[in-house]
Amino acid sequence: MRGNPKSKSFRSSRVAPPNRNLQLAHFDLLITERDLAESKLKASEERFEMIFKNLDVGIWSMNFPSMEVVFASPALEKLTGYSIQSFLTGEMPWSKLIHPDDYNEYVALQQKLQHGEMIQHQYRIMDIHGTIKWIEDKTFPVLNEDGHLIRLDGIVQDISERKRYEERINYLAFHDYLTELPNRRLFDQRLEELISNYQSDRDKFALFYLDMDRFKFVNDTLGHEIGDALLREISQRLSSIAGNKAVFRAGGDEFTIIQLNIDAMDPVMFGQEVIHEIEKPFEIEGYELHMTTSIGISIFPDNGETLKMLKMNADAALFRAKELGKNNVQLFTKSLNTESYKRFTLESDLRKAIPREEFILHYQPRVDTLTGEMVGAEALIRWNHPSLGLVSPGEFIPLAEETGVIHDMSDWVIRQVCQQLQEWKEAGYPLVPISINLSEKTLMKADIVEKIKRKLARYCISPSLIEIEITEDSLIKNEGTALATIQQLREMGLAIALDDFGTGYSSIGYLKKFKVDCIKIDRSFIKHIDDNIEDSTIVQSIILLAKGLRLKIVAEGVETLDQWEVLKYLNCHYIQGYLFSKPLPAERLAQLLRLEKLLPVPDVT
Ligand code: C2E
Ligand code: CA
Ligand code: CA
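Here is what the cut-offs are and how they apply
Residues numbered from 1 in each chain as written. Chains lettered and ligands numbered in written order. Predicted model: local features only at pLDDT ≥ 70, side-chain atom pairs only at ≥ 80, totals over all residues. Heavy atoms only, no water. Near = heavy atom within 4 Å. Polar contact = N/O pair within 3.5 Å; in protein donor to acceptor, adjacent residues only side chain to side chain. Areas by Shrake-Rupley, 256 points an atom, 1.4 Å probe, with all protein chains shown as cover. Helix = DSSP H or I, 4+ residues; strand = E, 2+ residues; numbered from the N terminus. Pairing = 2+ DSSP bridges. Axes fitted to C-alpha atoms, helices over the stretch in contact; angles between N-to-C directions. Core = buried A, V, L, I, M, F, W, Y, C linked by side-chain atoms within 4.5 Å. Buried < 20%, exposed > 50% of the residue type's maximum accessible area, 1.4 Å probe, protein only. Contact = heavy atoms within 4.5 Å. Donors = N, O, S within 2.8 Å, 3.2 Å for Na, K, Ca; no water. Patch = residues over 30% accessible without salt bridge, like charges linked within 9 Å, V, L, I, M, F, W, Y side chains within 5 Å. Salt bridge = Lys/Arg side-chain N within 4 Å of Asp/Glu carboxyl O. Phe/Tyr/Trp six-rings, centres within 6.5 Å; stacked < 30°, edge-to-face > 60°. Lys NZ or Arg CZ within 6 Å of the ring centre and 35° of its normal. Nonpolar A, V, L, I, M, F, W, Y, C, P; charged D, E, K, R; others polar.

J.: In this structure, what is going on with the site of ligand 1? I would like to understand it.
T.: Near ligand 1 lie 21 residues; those nearest to it are Gln364, Arg382, Arg523, Glu559 and Tyr578. Here a nitrogen atom of ligand 1 sits 3.4 Å away from a polar atom, N or O, in the main chain of Ser439. At 2.8 Å, a backbone N or O of Tyr578 approaches an oxygen atom of ligand 1. For ligand 1, whose free accessible area comes to 790 Å², the fraction covered by protein is 81%. Counting residues per element, the ones that place at least two in the shell around ligand 1 are strand 14 (374-385), helix 13 (393-403) and strand 18 (495-501). Looking at the shell around ligand 1 element by element, the count peaks at four residues for strand 14.

Encoded structure:
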């Protein structure tokens, strides 16, 4: 305002104010302020107008109860296509725009305004061209001093775009982007619904698992784009022959179908139809592709009363269809729960066991034969399978070896034992050496010694607290490597035990050559040690022999007092078996460690 002469005169008059001048200046000031206020008002009105014009939010105000619209912003015209004038004159009442499906709810909500409550809701309107739009409506009631509603102000906004986006997101969460078929999530939801609504035989339904044969071959040889196009074609064909059956994409080249009303059409017949449909050649980007599919069917509730069982059995039937040379349909039967299928599921689950933290270690005490004092414990792995419960190592270790999972598993066991020892050490418990079983495959790994060394260092565990158990067989089969590994481990300060002794070659020559610290006599010899003279003689000679070589001896699988008596008599150093203790969870072993490692002497009659 520096250039304004009036304000200048005011300022100078403040410097030397003769009386009359002061009055004049005061008058001057009044005029100036009024002008200023007016021009400001004008400016702000203009601005408001501009804002209203450009705002894509519609604003309105209406008197109540006359319902006379006193203000409606231009955006309302943009939104509805009707002129502002038609709102102001009452020619076009807002309620007329509302979509018939949303009308009742709209009217019901209006009641709240009477009580002075603000409302905010979303509904559809139809504009002048009949286009449906989603809007968000906020209405604010204004009450007078007596609490009577006298005015309503409101804001409406077009949210069609947001709604479309939300719908798409929602759609994508339940549909497969590639084929647009409903996905596994919707499939599960649907099955759960069907199962919980089941009342009588009429609600029986069939579940189809489809797997395209050799689809991977198409993908690998012709590329993913062709593979994707093929999947789209397949899903179209499936949808077209499915009629009112629901088709889902379960992932990859797997599809599922749910057939209700199975009395109307035999599911196996429908399965055959699907097979023939898929057998017809596909033409994709100039290629003629010949596909086949394998199908497994299970029926609710005959083949499983839970979602899990039903799916597992459809999967078993599918596995059988594949086993029978593919391109065929199999209905689940009880006899299908074959070993091969069990193996198949175990194998895939086993790969996930480590990331899912399903392995646990139990510890079986090794006790002094004379005193019953715990002198060590053997770490024995267990697999807590999500549906099968505890699976014994006898069942999954051979599988782990075959599939190579054994290496990660061994790493896990070694780490777990070291971590456990560190924990117990920090808790101040008296420690005993822990024995770790190493499978033949792990023993043969070039980096096994290095791995053990690193784990010991990382958890600050003395090597004397670890014993490695190796079976006789694995030593003999891999003499050279095994010899070197054992030597290095012993040099590091670890003890080596020869496991399951007596079941393999049991060669004295090997015992000398391999320089182990301990031998564990296999349970099969201990079992009849008290009533079979041959067995007790064998055990006796093993003990004598081992003592001559200054080895420690452990008898495995001691279950009875009589067996214990014989082993005491034969001067066997240590025993391990159910008589003293079964393998225990870590916490239970910790309890024993705290109790000065004394196991209660068994009282079995
Ligand atoms: P193993 O090394 O000979 O372990 C002894 C097995 O005999 C254990 O079976 C143990 O629970 C069982 N046992 C102990 N005392 C008695 C008894 O008094 N009576 C009877 N009937 N059995 C007894 P488990 O735990 O089922 O382990 C079986 C085999 O699996 C083990 O035989 C071992 O070869 C292997 N294994 C266990 N854990 C591991 C591991 O962490 N790594 C590797 N590589 N193999 C393991
Ligand atoms: Ca063992
Ligand atoms: Ca053993």
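Structure shown, so let's carry the discussion forward.
J.: Explain the sheet that holds strand 7 (residues 246-251) to me, please; I cannot follow it from the model alone.
T.: Sheets are built from strands that pair by backbone hydrogen bonding, the pairs being arranged parallel or antiparallel. Taking strand neighbours across the sheet as the criterion, the five strands line up as 7-8-6-11-12 in an open arrangement whose pairing is mixed. Taken across any chain shown, the strands that pair with only one partner, and hence form the sheet edges, are strand 7 and strand 12 (329-331). Neighbour-to-neighbour, the strand axes of the sheet open up by a mean angle of 20 degrees, direction not taken into account. Of the strand pairs in this sheet, strand 11 (residues 293-300) and strand 12 are connected by three bridges, and their pairing is parallel. Bridge pairing in strand 12 links Ile295 to Val329.

J.: I keep staring at the nonpolar core and nothing clicks. Help me out?
T.: Across soluble globular proteins, nonpolar side chains show a tendency to be buried alongside one another. Membership of the largest hydrophobic core comes to 79 residues, with the highest contact counts inside it found for Tyr363, Val417, Ile452, Ile468 and Ile519. Excluding anything up to four places from it in sequence, Ile452 contacts Ile414, Leu438, Ile468, Leu489, Met492 and Leu494. Within the second largest apolar cluster, 32 residues are counted, among which are Leu178, Ala206, Ala242 and Ile297.

J.: What exactly am I supposed to notice about the coordination of the calcium ion (ligand 3) here?
T.: Metal coordination angles have textbook ideals: 109.5 degrees for a tetrahedral set of four donors and 90 or 180 degrees for an octahedral set of six. The calcium ion (ligand 3) binds to the protein through Asp499 (OD), Asp500 (OD), Glu556 (OE) and Glu556 (OE); the donor distances cover 2.2 to 2.5 Å. Sequence positions of the residues that donate to the calcium ion (ligand 3) give the spacing D-D-x55-E. In this model, the calcium ion (ligand 3) sits 3.9 Å from the calcium ion (ligand 2), the two metals being bridged by Asp499. When its relative accessible area of 6% is taken as the criterion, Asp499 is described as buried.

J.: I'm lost on a nonpolar patch on the surface in this one. Help?
T.: Among the surface-exposed residues, Phe48, Met50 and Ile51 lie close enough to one another that they form a single nonpolar patch of about 320 Å² accessible area. By secondary structure assignment, the location of Ile51 is in helix 2 (residues 19-54). Note on Ile51: relative accessible area 46%, which makes it partly exposed.

J.: Whenever I open this one, the pattern of salt bridges confuses me. Can you help?
T.: Close approach of charged atoms allows side chains with opposite charge to pair. On inspection of all chains with the given rule, the structure shows 26 salt bridges. With a shortest N-O distance of 3.0 Å, Glu161 and Arg164 are connected by a salt bridge. In this pair, Glu161 and Arg164 are both assigned in helix 6 (residues 160-174), three residues apart and thus about one turn of the helix distant. The two residues Glu161 and Arg164 agree in class, both being exposed. Where Arg249 meets Asp176, a salt bridge forms, and the shortest distance between an N and an O atom there is 3.0 Å. Of this pair, Arg249 sits in strand 7 while Asp176 sits in the loop between helix 6 and helix 7 (184-196), placing them 73 residues apart in sequence. The exposure classification of Arg249 matches that of Asp176, with both residues buried. Each of Arg366, Glu378, Glu467, Glu469, Lys520 and Glu556 takes part in one network of salt bridges that share partners.

J.: Even after reading the chapter, I still don't get the packing of aromatic side chains, so can you show me in this structure?
T.: How two aromatic rings sit relative to each other is set out by the distance from centre to centre and by the angle between their planes. With the rule as written, the count across this model stands at twelve aromatic pairs. Note on Tyr198 and Phe300: the rings are 5.3 Å apart at their centroids and 80 degrees apart in plane angle, and the pair reads as edge-to-face. Placement of the pair is Tyr198 in the loop between helix 7 and strand 6 (205-212) and Phe300 in strand 11, with a sequence separation of 102 residues. Using a relative accessible area of 22% as the deciding quantity, one classes Tyr198 as partly exposed. Following the ring pairs from residue to residue traces out a cluster consisting of Phe359, Trp383, Phe396 and Trp412. Over the face of the ring belonging to Phe174 we find Arg185, whose NZ or CZ atom lies 4.9 Å from the ring centre. Here the guanidinium or amino end of Lys568 rests over the ring plane of Trp564, the centre of that ring lying 4.0 Å away.

J.: Where do I start with the pairing of strand 1 (residues 57-63) in this structure?
T.: Within a regular strand, side chains alternate between the sheet's two faces. Counting buried positions over the seven residues of strand 1 gives five, a clear majority of the element. In the sheet, strand 1 pairs with strand 5 (residues 149-158) via seven bridges, with the strands oriented antiparallel. Looking at strand 5, one finds that Ser61 is bridged to Asp153. Where strand 1 lies against strand 2 (residues 69-72), three bridges are found, and the strand directions are antiparallel. Its bridge partner lying in strand 2, Ser61 is registered against Phe71. Between strand 1 and strand 2, which pair antiparallel in sequence order, lie five residues; one of them, Met67, sits at a positive phi of approximately 65 degrees.

J.: Explanation requested: the packing of helix 13 against helix 14 (residues 405-426) in the structure shown.
T.: How two helices sit against one another is set out by the angle between their axes and by the gap between those axes. Closest axis-to-axis distance for the helix 13/helix 14 pair is 5 Å, and the angle between their directions is 115 degrees. Contacts between helix 13 and helix 14 involve Phe396, Ile397, Ala400, Glu401 and Thr403 from the former and Val405, Ile406 and Met409 from the latter. Across the contact of helix 13 with helix 14, the residue classes tally to six nonpolar, one polar and one charged.

J.: Which parts of the structure should I look at to understand the side chain of His362?
T.: Along the polypeptide, His362 turns up in strand 13 (residues 359-368). A polar atom in the side chain of His362 sits 3.4 Å from the side chain of Arg382.

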